[in-house]
Amino acid sequence: MIRCATLSLLLVLAAGSAGAVDGVMVAGEQAPGGNATSWQPRDRRAFLHPSAGMSLERRMDFRLGDAIFRKLWASSPSSTTASDGLGPLYNARSCQSCHIRDGRGRVPAPGETAVSLFLRLSVPPKTAAEQAQLDSGARPVLPEPTYGTQLQNAAVHGLAGEGRMTVTYVEETVALAGGESVTLRRPTYGITDLTYGPLAVDVMISPRLAPAMIGLGLLEAIPESDIVARADPDDADGDGVSGRAQRLGPEGRLGRFGWKAGQADVAGQSADAFAGDIGLSTLLVPRSRGDCTPAQAECMAAPTGDDPVEGVEVPRVLFDYTVFYARHLAVPGRPRAAEPDVLAGRDLFVATGCAACHVPEQVTATDGVDPELAGQRIFPYTDLLLHDMGPDLADGRPEAGADGGEWRTAPLWGIGLTGEVTGRTEFLHDGRARGLLEAILWHGGEAAAARARVVEMSPQERRLLIEFLSSL
Ligand code: HEC
Ligand code: HEC
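Everything quoted here is computed from the prediction, not taken from an experiment.

A few words on the packing of aromatic side chains. In this structure the tally under the stated criterion is eight aromatic pairs. Pairing Trp73 with Phe274 gives two aromatic rings, centres 6.3 Å apart and planes at 85 degrees, and the pair type is edge-to-face. Here Trp73 is found in the loop between helix 2 (56–70) and strand 1 (89–90), whereas its partner Phe274 is found in helix 6 (residues 266–278), with 201 residues between them in sequence. Between Phe349 and Phe468, the aromatic rings sit 5.2 Å apart at their centres with planes inclined by 55 degrees, giving tilted as the arrangement. With Phe349 in helix 9 (residues 340–351) and Phe468 in helix 13 (residues 459–470), the pair connects residues that are 119 residues apart, well separated along the chain. Given a relative accessible area of 0%, Phe468 falls into the buried group. The structure contains a cluster of three or more aromatic residues connected by ring pairs, namely Phe62, Phe69 and Tyr325.

And the structure:
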């Protein structure tokens, strides 16, 4: 412990002096999670550590949450009733199967069954009443009548999974200034082996790759007023970047989590994951048969693992530990933050217009926030707003207040560790980008000007920009 504290003190001091000399380094940027930053090694376990500065007792709670996050759920009825309730339909048997070592998921190899990349489903409104449900926030989407809001490709014994997601890629080459080029892969998604009959002809499909789990409690603690203050829905300042707040439910809660900011808080996202991804009910989302629809009679008739006391499969205490854990996965420190190449890359990041959406710095609230996360100066590189990202990234599937071309600015902290943690470098909402430069080159819409500047840069400048992103 003492060595750890000394190390972070040294880093703070080192960064402070770099700031004074250079005038570029924002003191504190080497600790993107503020005092909660983890100073454990930047290796494959880098995303598994708790917020720094936690009491021993709270570290025990974190460990319990970790165990539930890794737990492989079994189908009901089972001899271990505390572990049952899986499905009937599901995508994975544990949280960790998708959020690999608390990092992001993996795109399936050709022929491999998808786990951590799945398809969300819905249909457009057909009646004034359905339109009114969407407009009022009563429902975020209208489920596909048979398959619900997500394609579950697995099911408990005796029941069939819903079908198979397929993805094929077509490669295309983008020429960059200075004689360089990059090959992008453009995905096409399909569904085969449907077991419950045809899909609605107007079904809308959105592929989603599991994102990394770090720093979520800090993102949750950014004051709503700070996020909303950056929204510029009509681009009043004329910089080509607008940004809208996602609004959810009849109360219009601010959305922060998920690729389209479809969830307001970590608890909501976790309950949704238990129900939709694993098929487990919680007090927040008490659907013991997950995403089964009335059109799937066998699924609706399958046994549940409901706890006799609380009437749900994941009792409150287990759920609370999971949410506590999900809030407290620490953001790793950045020992290279003050290196000259990294600082030069950071300048380019700002000059290129990336920081208009990937806002470097935020300050967390002090009221009602866990002590480790309160009042911290953090560097998540996101405004948590929705932006139109152009036709190439559009999924054409609206979700609550987000339209078919909008996505939430992805936080960039920890992104340089993706390869180390997940064993792959696959970026964007569906993992189509096989590296950081590919991810940038898919940007369009409000980010088209920033993308164009990257295409025009010299190879050396592009190298510095990537150097900066890799240091995060
Ligand atoms: C089948 C794969 C899968 C499983 C299993 C899974 N997740 Fe996720 N998770 C995702 C995907 C995909 C997203 C992005 C969702 C979206 O865009 O709507 C996500 C997003 C999240 C987020 C929001 C992260 C962010 O940056 O916005 C949290 C929190 C989360 N999951 C928690 C959990 C918990 C807790 C469990 C276990 C109960 C779990 N997940 C199980 C795939 C999965
Ligand atoms: C108009 C807002 C906007 C601008 C400007 C912008 N981005 Fe993004 N960025 C986004 C959004 C939104 C996403 C998520 C898109 C998706 O997944 O489809 C994203 C995703 C990314 C990702 C992948 C993140 C992940 O977790 O997979 C990287 C890397 C990235 N941006 C870097 C940059 C860089 C570098 C620049 C400047 C050249 C830039 N962005 C400019 C909004 C923006």
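From this point, the narrative continues.
Within the protein, just one atom coordinates the iron atom of ligand 1: His99 (NE2), at a distance of 2.1 Å. Following the sequence through the fold, His99 ends up in the loop between strand 1 and strand 2 (117–122).

The next subject is the pattern of salt bridges. Oppositely charged side chains can form a pair if their charged atoms are brought close together. Taken as a whole and judged by the stated rule, the model has 27 salt bridges. Measuring nitrogen to oxygen at the nearest pair gives 3.0 Å for the salt bridge that ties Arg186 to Asp392. Residue Arg186 is located in strand 5 (residues 180–192), and its partner Asp392 is located in the loop between strand 11 (386–388) and strand 12 (406–408); the two are separated by 206 residues in the primary sequence. Residue classification places Asp392 among the partly exposed positions, given a relative accessible area of 36%. Across the pair Arg377 and Glu361 runs a salt bridge, and its minimum N-O distance is 2.5 Å.

Close to ligand 2 lie 27 residues; Cys354, Cys357, His358, His429 and His443 are nearest. His429 places a polar side-chain atom, nitrogen or oxygen, 2.7 Å from an oxygen atom of ligand 2. Within the contact set of ligand 2, a nitrogen atom lies 2.8 Å away from a side-chain nitrogen or oxygen of His443. Where the shell around ligand 2 is concerned, the elements lending two or more residues are strand 12 and helix 11 (436–441). Within the shell around ligand 2, the residues separate by chemical class into 17 nonpolar, seven polar and three charged.

Two numbers describe how helix 2 lies on helix 8 (residues 316–327): the axes approach to 7 Å, and their chain directions differ by 105 degrees. On the basis of the axis angle, helix 2 is roughly perpendicular to helix 8. The residues of helix 8 that touch helix 2, namely those facing Arg58, Asp61, Phe62, Leu64, Gly65, Asp66, Ile68 and Phe69, are Leu318, Tyr321, Thr322, Phe324 and Tyr325. Counted by class, the contact of helix 2 with helix 8 contains eight nonpolar, two polar and three charged residues.

Turning to the pairing of strand 5, a few remarks are in order. Regular strands have side chains that alternate between both faces of the sheet. Looking at chain direction, strand 4 (residues 164–176) and strand 5 are connected through 13 bridges and run antiparallel. Looking at strand 5, one finds that Tyr169 is bridged to Pro187. Between strand 4 and strand 5, which pair antiparallel in sequence order, lie three residues; one of them, Gly178, sits at a positive phi of approximately 85 degrees.

It is worth spelling out the domain arrangement of the chain at this point. Here the domain parsing of the chain yields domain 1 (2–53 + 215–246 + 328–470) and domain 2 (63–169 + 190–211 + 267–314). Each partner contributes residues to the interface: domain 1 has 24 residues there, and domain 2 has 25 residues. Of the roughly 2,100 Å² buried where domain 1 meets domain 2, counting both sides, 48% is carbon and sulfur surface. Looking at the side of domain 1 facing domain 2, the largest losses of area belong to Leu48, Arg397 and Thr422, adding up to 30% of the total buried there. The interface formed by domain 1 and domain 2 includes one salt bridge. Its salt-bridge partner being Glu399, residue Arg208 comes within 2.7 Å of it at the nearest N-O pair. Across the domain 1-domain 2 interface, the total number found is twelve residue pairs in polar contact (both at pLDDT 80 or more).

What counts and how
Residues numbered from 1 in each chain as written. Chains lettered and ligands numbered in written order. Predicted model: local features only at pLDDT ≥ 70, side-chain atom pairs only at ≥ 80, totals over all residues. Heavy atoms only, no water. Phe/Tyr/Trp six-rings, centres within 6.5 Å; stacked < 30°, edge-to-face > 60°. Helix = DSSP H or I, 4+ residues; strand = E, 2+ residues; numbered from the N terminus. Buried < 20%, exposed > 50% of the residue type's maximum accessible area, 1.4 Å probe, protein only. Donors = N, O, S within 2.8 Å, 3.2 Å for Na, K, Ca; no water. Salt bridge = Lys/Arg side-chain N within 4 Å of Asp/Glu carboxyl O. Near = heavy atom within 4 Å. Polar contact = N/O pair within 3.5 Å; in protein donor to acceptor, adjacent residues only side chain to side chain. Nonpolar A, V, L, I, M, F, W, Y, C, P; charged D, E, K, R; others polar. Axes fitted to C-alpha atoms, helices over the stretch in contact; angles between N-to-C directions. Parallel < 35°, antiparallel > 145°, perpendicular 65-115°, else oblique. Contact = heavy atoms within 4.5 Å. Pairing = 2+ DSSP bridges. Domains from an automatic or database assignment. Buried area = accessible area lost by both parts, 1.4 Å probe.

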